[in-house]
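# Structural overview for review
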Amino acid sequence: MGSIYVVRHGQAAFGTDDYDRLTEVGLAQARLLGEYFAARRLRFDAVFTGTLLRQQQTARGLLQGGTDLAAEVAEEHFTGLNEYDPEAILLAHTGNVPAPAAAAARRDPKVVREHFRMLRDALTAWAEDRIQPKGMLAFQGFQEGAVAALIEARQRFPDGKVLIVSSGGPIAAMVAASLNAPPSAAVELNLRIRNCSVTEFTSNPKRHSLLSFNAVPHLDAQPDASLITYA
């Protein structure tokens, strides 16, 4: 039986003009997870990421922390692991996209809560096929792309360990699909996934099954509670 470890990227630069990069907190989260994997003597036979910088920076942070790879393993990129476009979804749902505000850049709690309230409503409309954001797949196609990475991992490495670094949306879509949950459940799961958390699947060539979701054992043990983040 194989194992697939799906990691959400570390904290990215939410509320700035360039979200697609890790903050110092995000880099620390990734290195700590790499140390955790190393301490457990996990050795991965493959590393899959999307094409986003924050995902690839997280994968590099894991390696800097000591995550062990089998010989000659190269990082592989799958577009199905990329995040949805929140601006396109908000635009399709509300007709406008709030510009990143200075308060959001400071992670002002009130601004952040309002942002995610609007995003939840827009994501639910997309997941229920009530809107079609420009330049994006319908939710079903998005979910199929994410699950395709799991299928690739289980079929190519039926008895191995695969590390996947992705984002909250694809991970939530994978989990919802594995539980046969409705699309609306994927939205709720998505908004609860912590940065650099681990979701684990067991697998064989024919199927994969959810074993754990949204775990942060590498951060729970840290005295600095600010290392546990959601956005």
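First, a word on scope: everything that follows refers to the structure included in this document.

Definitions and cut-offs
Residues numbered from 1 in each chain as written. Predicted model: local features only at pLDDT ≥ 70, side-chain atom pairs only at ≥ 80, totals over all residues. Heavy atoms only, no water. Helix = DSSP H or I, 4+ residues; strand = E, 2+ residues; numbered from the N terminus. Buried < 20%, exposed > 50% of the residue type's maximum accessible area, 1.4 Å probe, protein only. Contact = heavy atoms within 4.5 Å. Areas by Shrake-Rupley, 256 points an atom, 1.4 Å probe, with all protein chains shown as cover. Lys, Arg positive; Asp, Glu negative; His and termini not counted. Charge placed at Lys NZ, Arg CZ, Asp CG, Glu CD. Core = buried A, V, L, I, M, F, W, Y, C linked by side-chain atoms within 4.5 Å.

Along the backbone of the chain there are nine helices and eight strands. Along the first, second and third principal axes, the C-alpha set of the chain runs to 50 × 40 × 25 Å. By residue count, 49% of the 231 residues in the chain fall in the buried class. Of the contacts made within the chain by residues no fewer than 6 positions apart, 77% connect residues no fewer than 24 positions apart. Carbon and sulfur atoms form 51% of the exposed surface of the chain, whose accessible area is close to 10,800 Å². For the chain, the separation between the mean place of its 23 positive charges and that of its 25 negative charges on side chains is 4 Å.

Further remarks concern the nonpolar core. In terms of nonpolar packing, the biggest core is built from 38 residues, with Val6, Phe48, Tyr84, Ile89, Leu123, Trp126 and Ile164 touching the most fellow members. Looking at this core, the elements that each hand over two or more residues are β1 (2-8), β3 (46-49), α3 (86-94), α5 (109-127), α6 (139-156), β6 (161-166), α7 (168-178) and α8 (183-190). Residue contacts for Ile164: discarding those within four places in its chain leaves Ile4, Tyr5, Val6, Val7, Phe48, Leu81, Ala149 and Leu150.

Note that all results are geometric; they support no functional claim without further evidence.
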